[in-house]
Number of protein chains: 2
Amino acid sequence: MSRFSVLTSRDNPQLKHAAKLAASSRSRKEDGLFVVEGVRLCMDALRSGLSVVSLFYTPAAKERYPEAVGELSAAAGEIYETAPAAFSKISDTATPQGVLCLCGIPPRAAVEELDAAGRYLLLEQISDPANLGTMARTAEALGLSGLVLSPGCCDPYSPKSLRAGMGALFRLPLYLTRDFPEALNCLREKGIQLYAALPRQDARKITELHFGPGCAVAVGNEGNGLTEDTISRCQPVTIPMGGRAESLNAAAAAAILMWEMLRENQG
Amino acid sequence: MSRFSVLTSRDNPQLKHAAKLAASSRSRKEDGLFVVEGVRLCMDALRSGLSVVSLFYTPAAKERYPEAVGELSAAAGEIYETAPAAFSKISDTATPQGVLCLCGIPPRAAVEELDAAGRYLLLEQISDPANLGTMARTAEALGLSGLVLSPGCCDPYSPKSLRAGMGALFRLPLYLTRDFPEALNCLREKGIQLYAALPRQDARKITELHFGPGCAVAVGNEGNGLTEDTISRCQPVTIPMGGRAESLNAAAAAAILMWEMLRENQG
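Within every chain, residues take consecutive numbers counted from 1 along the sequence as written. Following the order in which they are written, the chains are lettered starting with A and the ligands numbered starting with 1. Local features are withheld for residues below a pLDDT of 70 in this predicted model, meaning they are given only at 70 or higher, and side-chain atom pairs are given and counted only at 80 or more; totals for whole chains, interfaces and linings count all residues. Based on all heavy atoms of the structure, the side-chain values leave hydrogens and waters out of the count.

Topic: the overall build of chain A
Going along the chain from the N terminus, every DSSP run of H or I of four or more residues is numbered as a helix, and every run of E of two or more is numbered as a strand. Of regular secondary structure, chain A possesses 12 helices and 12 strands. Each principal axis of the C-alpha atoms in chain A carries an extent, and together these give about 60 × 40 × 35 Å. For each residue, the accessible area found with a 1.4 Å probe, counting protein chains only, is set against the maximum for its type, and the residue is called buried under 20%, exposed over 50%, and partly exposed in between. Counting only residues that meet the buried cut, chain A has 55% of its 267 residues in that class. Here, Shrake-Rupley sampling with a 1.4 Å probe gives the accessible areas, and only protein chains in the shown set may cover a residue. Carbon together with sulfur atoms contributes 48% to the accessible area of chain A, which is approximately 11500 Å² in total. Only four residue types enter the charge count, namely Lys and Arg as positive and Asp and Glu as negative; His and the chain termini do not. Where a charge lies is defined by one atom per residue type: Lys uses NZ, Arg uses CZ, Asp uses CG and Glu uses CD. Here chain A contributes 27 positive and 29 negative side-chain charges, whose respective centroids are spaced 3 Å apart.

A short note on the sheet that holds strand 3 (residues 52-57) of chain B
Residue and element names in this part refer to chain B. Reading across from one edge, 1-4-3-5-2 is the order of the five strands in this open sheet, with mixed pairing throughout. The open sheet has two free edges, formed respectively by strand 1 (3-7) and strand 2 (33-37), since each of these has just one partner strand. Averaged over all pairs of adjacent strands, the angle between strand axes in this sheet comes to 20°, irrespective of strand direction. Inspection of the sheet shows strand 2 paired to strand 5 (residues 99-104) by five bridges, in the antiparallel sense. Its bridge partner lying in strand 5, Val36 is registered against Cys101. Contacts between residues were defined by any pair of non-hydrogen atoms, one from each residue, lying within 4.5 Å. Lines fitted to the C-alpha atoms define the axes, with helices restricted to the stretch that makes contact. Angles between their N-to-C directions range from 0 to 180 degrees. Sheet strands in contact with helix 1 (residues 13-23) are strand 1, strand 2, strand 3, strand 4 (78-82) and strand 5, and its direction is about 90° off that of strand 2. Should DSSP find at least two bridges between two strands, the strands are taken to pair.

Observations regarding the interface of chain A and chain B
Each side of the interface is counted separately: chain A has 31 residues, and chain B has 31 residues. Interface of chain A and chain B: buried area, both sides summed, is about 2800 Å²; carbon and sulfur atoms make up 54% of it. A simple way to read buried area is as the amount of 1.4 Å-probe accessible surface that goes missing from two parts once joined, with both sides added. The largest per-residue losses of area from chain A upon contact with chain B belong to Arg137, Ala141 and Trp259 of chain A, which jointly make up 20% of the total buried on that side. Should a side-chain nitrogen of Lys or Arg be within 4 Å of a carboxyl oxygen of Asp or Glu, the pair is scored as a salt bridge. In this structure, the connection of chain A to chain B is made through two salt bridges. A salt bridge links Arg263 of chain B to Glu260 of chain A; the shortest N-O distance between them is 2.6 Å. Here a polar contact means two N or O atoms within 3.5 Å. Within protein one must be a hydrogen donor candidate and the other an acceptor candidate, and residues neighboring in sequence count only if both atoms are side-chain atoms. One can count eight residue pairs in polar contact (both at pLDDT 80 or more) joining chain A with chain B. Take the side of chain A that touches chain B: its biggest share by element is seven residues, from helix 12 (residues 250-266) of chain A.

Quick look at the environment of Ser150 of chain A
All names here are of chain A. By the secondary structure assignment, Ser150 is in the loop between strand 7 (146-149) and helix 8 (159-165). Expressed as a C-alpha distance, the spacing of Ser150 and Ala109, which sit 41 residues apart in the sequence, is 13 Å. Not counting residues within four places of it along the chain, the set of residues in contact with Ser150 comprises Leu123, Glu124, Gln125, Thr177 and Phe180. Side-chain polar atoms of Ser150 contact the backbone nitrogen of Gln125, separated by 2.9 Å.

Some words on a negative patch on the surface
Residue and element names in this part refer to chain A. Side chains of Glu112, Glu113, Asp179 and Glu182 sit close together on the surface and give a patch of like negative charge. Secondary-structure assignment places Glu182 in helix 10 (residues 180-189). Look at Glu182 and you get exposed, because its relative accessible area is 53%. Nonpolar side chains (Val, Leu, Ile, Met, Phe, Trp, Tyr) are joined into patches within 5 Å and like charges within 9 Å, using only residues with over 30% relative accessible area and no salt bridge.

Brief notes about the sheet that holds strand 7 of chain A
Residue and element names in this part refer to chain A. Pairing within the open sheet is parallel, and its seven strands lie in the order 8-7-6-11-9-12-10. Pairing within the sheet leaves two strands with one partner each, and these edge strands are strand 8 (174-176) and strand 10 (204-205). Relative to strand 6 (residues 119-123), helix 10 is tilted by about 165°, and along the sheet it contacts strand 6, strand 7, strand 9 (193-197) and strand 11 (215-219).

A look at the nonpolar core
Here is a general trend for soluble globular proteins: nonpolar side chains tend to be buried in one another's company. What makes a nonpolar core is a set of buried Ala, Val, Leu, Ile, Met, Phe, Trp, Tyr and Cys residues whose side-chain atoms join them at distances within 4.5 Å. One finds Leu123 and Leu147 of chain A together with Leu123 and Leu147 of chain B to be the most contacted residues of the largest nonpolar core, which totals 132 residues. Sequence-distant contacts of Leu123 of chain A, defined by excluding residues within four places in its chain, comprise Leu132, Met135, Leu147, Val148, Leu149, Ser150, Cys153, Phe180 and Val219 of chain A.

Things to note about the side chain of Thr177 of chain A
Residue and element names in this part refer to chain A. Structurally, Thr177 can be placed in the loop between strand 8 and helix 10. Thr177 sits in the buried class, given a relative accessible area of 10%. Polar side-chain contacts of Thr177 include one of 2.8 Å to the backbone oxygen of Leu149. Not counting residues up to four positions away in its chain, the partners in contact with Thr177 are Arg108, Val111, Val148, Leu149, Ser150, Pro151 and Ala183.

Some thoughts on the relation of the copies chain A and chain B
Between the two chain copies there is a screw-like relation: a rotation about an axis and a shift along it. Here the copies were fitted onto each other by least squares, based on C-alpha atoms from residues at pLDDT of at least 70 in both. Between the two copies, chain A and chain B, the superposition gives an RMSD of 0.0 Å; the rotation angle is 180° and the shift along the axis is 0.0 Å. Taken together, the rotation and translation relating the two chain copies correspond to the operation of a two-fold axis. Most of the interface of chain A is mirrored in chain B, where 100% of its interface residues again form contacts.

Description of the packing of aromatic side chains
Any two rings among Phe, Tyr and Trp, with Trp reduced to its six-membered ring, count as a pair given centres within 6.5 Å; such a pair is stacked if its planes are under 30 degrees apart, edge-to-face if over 60, and tilted if neither. Under the definition given, this model contains 10 aromatic pairs over all chains. Ring geometry for Phe34 of chain B and Phe170 of chain B: centres 6.2 Å apart, planes at 40°, overall tilted. With a gap of 136 residues between them, Phe34 of chain B in strand 2 and Phe170 of chain B in helix 9 (residues 168-171) connect regions that are remote in the sequence. Across this residue pair, the class does not change: Phe34 of chain B and Phe170 of chain B are buried. Seen in terms of ring centroids, Phe56 of chain B and Tyr80 of chain B are 4.9 Å apart; in terms of plane orientation they differ by 25°. Their pairing is stacked. Here Phe56 of chain B is found in strand 3, whereas its partner Tyr80 of chain B is found in strand 4, with 24 residues between them in sequence. A connected cluster of aromatic rings, assembled from ring pairs, spans Phe34, Tyr157 and Phe170 of chain A.

Structural notes on the packing of helix 12 of chain A against helix 12 (residues 250-266) of chain B
Contact geometry for helix 12 of chain A and helix 12 of chain B: axes closest at 9 Å, N-to-C directions at 60°. Judged by the inter-axis angle, helix 12 of chain A sits oblique to helix 12 of chain B. Seen along the crossing, helix 12 of chain A lies across helix 12 of chain B with a hand that is right-handed. Where helix 12 of chain A approaches helix 12 of chain B, its residues Ala252, Ala255, Ile256, Trp259, Glu260 and Arg263 of chain A are matched on the opposing element by Ala252, Ala255, Ile256, Trp259, Glu260 and Arg263 of chain B. When grouped by side-chain class, the residues that make up the contact of helix 12 of chain A with helix 12 of chain B number eight nonpolar, no polar and four charged. Should an angle fall under 35 degrees it is called roughly parallel, over 145 degrees roughly antiparallel, and 65 to 115 degrees roughly perpendicular, with every other angle called oblique. If you view the pair so one helix is near and one far, a crossing is left-handed when the near helix is turned anticlockwise from the far one by less than a right angle, and right-handed when it is turned clockwise. Residues are grouped as follows: nonpolar covers Ala, Val, Leu, Ile, Met, Phe, Trp, Tyr, Cys and Pro; charged covers Asp, Glu, Lys and Arg; every other residue, Gly included, is treated as polar.

Okay, here's the thing in structure tokens:
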């Protein structure tokens, strides 16, 4: 049975809580909750089996999206019909649709459960949430098995990551590791081939490589690349580039790497 | 001989003018000027041969980046040493480096001058400046010959496009067309093979195709894709995807398309 309330004040504690979850990765981790905004993304979350803890909607949104608000209301534990002026406090967009959920962060998947025949992207200290979201979206579209994230990566449950991910972050297996070198060791013990993507001429070209089942490519921080700790555990590979020796944007590089990892299967 | 002034007030007309150029594509077109912010991007603009009309810098930036400010000062027609509080009026970033130039928009390149043996990306109504900038960056890194932009594309000289482009928009040939169907006709008459990237199963897979010299692939608007007018002039092609039938982000799709266009050359 859901609890239903009407919120009119921007100072309402429920709104303050949601705003804090939207703004702070630490709050999300402490409470095990994150914010999902917009009709499509909320429905993606629901259909992906995430638990919808609270639903906030404006009266106008209920009129405009009756089916979605109905489905979300049936699933949510707490329902808050929220005045537009109050809703703007929790919205991350200039013109909000007026639908927002708090969802439970799913339990951490363990790298021990990785598929030894899968194809993975290993992300070390990716700092831009839009890059992380775009990588997840590309990974899902191309059919990657999942993403392995180092401890220093930005939060996949931030509003910016989720927006760029277009729902992919709900559906794609995410392995949030606490110890990245140990996670890489675990993958290697499973027989998964590990590669480090480097902007280095002397590294093996990805076009000369055969990415079989059971492979993983590591992509590093936007400014600083991969750490030596990671590189030492992987075979260095590179994206050969005919143009200027400028590096690619991390999400564009990841798109090309994932494409090559799966290219033979896409025919 | 450069003119030198010290600006202290946020209401200074030169600052107002720069802020207007940063905010408005129409102002940029009317005045033939655009804003370049940050030490690296300003130096990229200078080294790419763009005309540096005005330079704004804070005293702290002059101390921190003496060489860059010196080189830019030597090139600029007007130099404004600007108080930090006033500089924040023209800056697009939360923590500005304190260096900003107004540069002249280079003359439009005509599609008639396209290289018949080149490889081009045709962009129709791309609306996200970060996507446009990222595409330019990828194009330059991989060695594409240039970008052809439809009239409805976002402005490549906006601060957001330039930031994502990391200087590539200064160096890569850009063909800003006034009539896109006519431009496609012109390319076809040159013997360039035209392809339209579509999320359609029945289109030819890019993995089955040979992209020879003289080819161009059209990528459409993030939400609505390509227009019928464009599709009718091109051979439909598609990126085969093993995952969910979700579409890729436009910049990720473009990265994979450009990679395939040039893949045989990268070996």
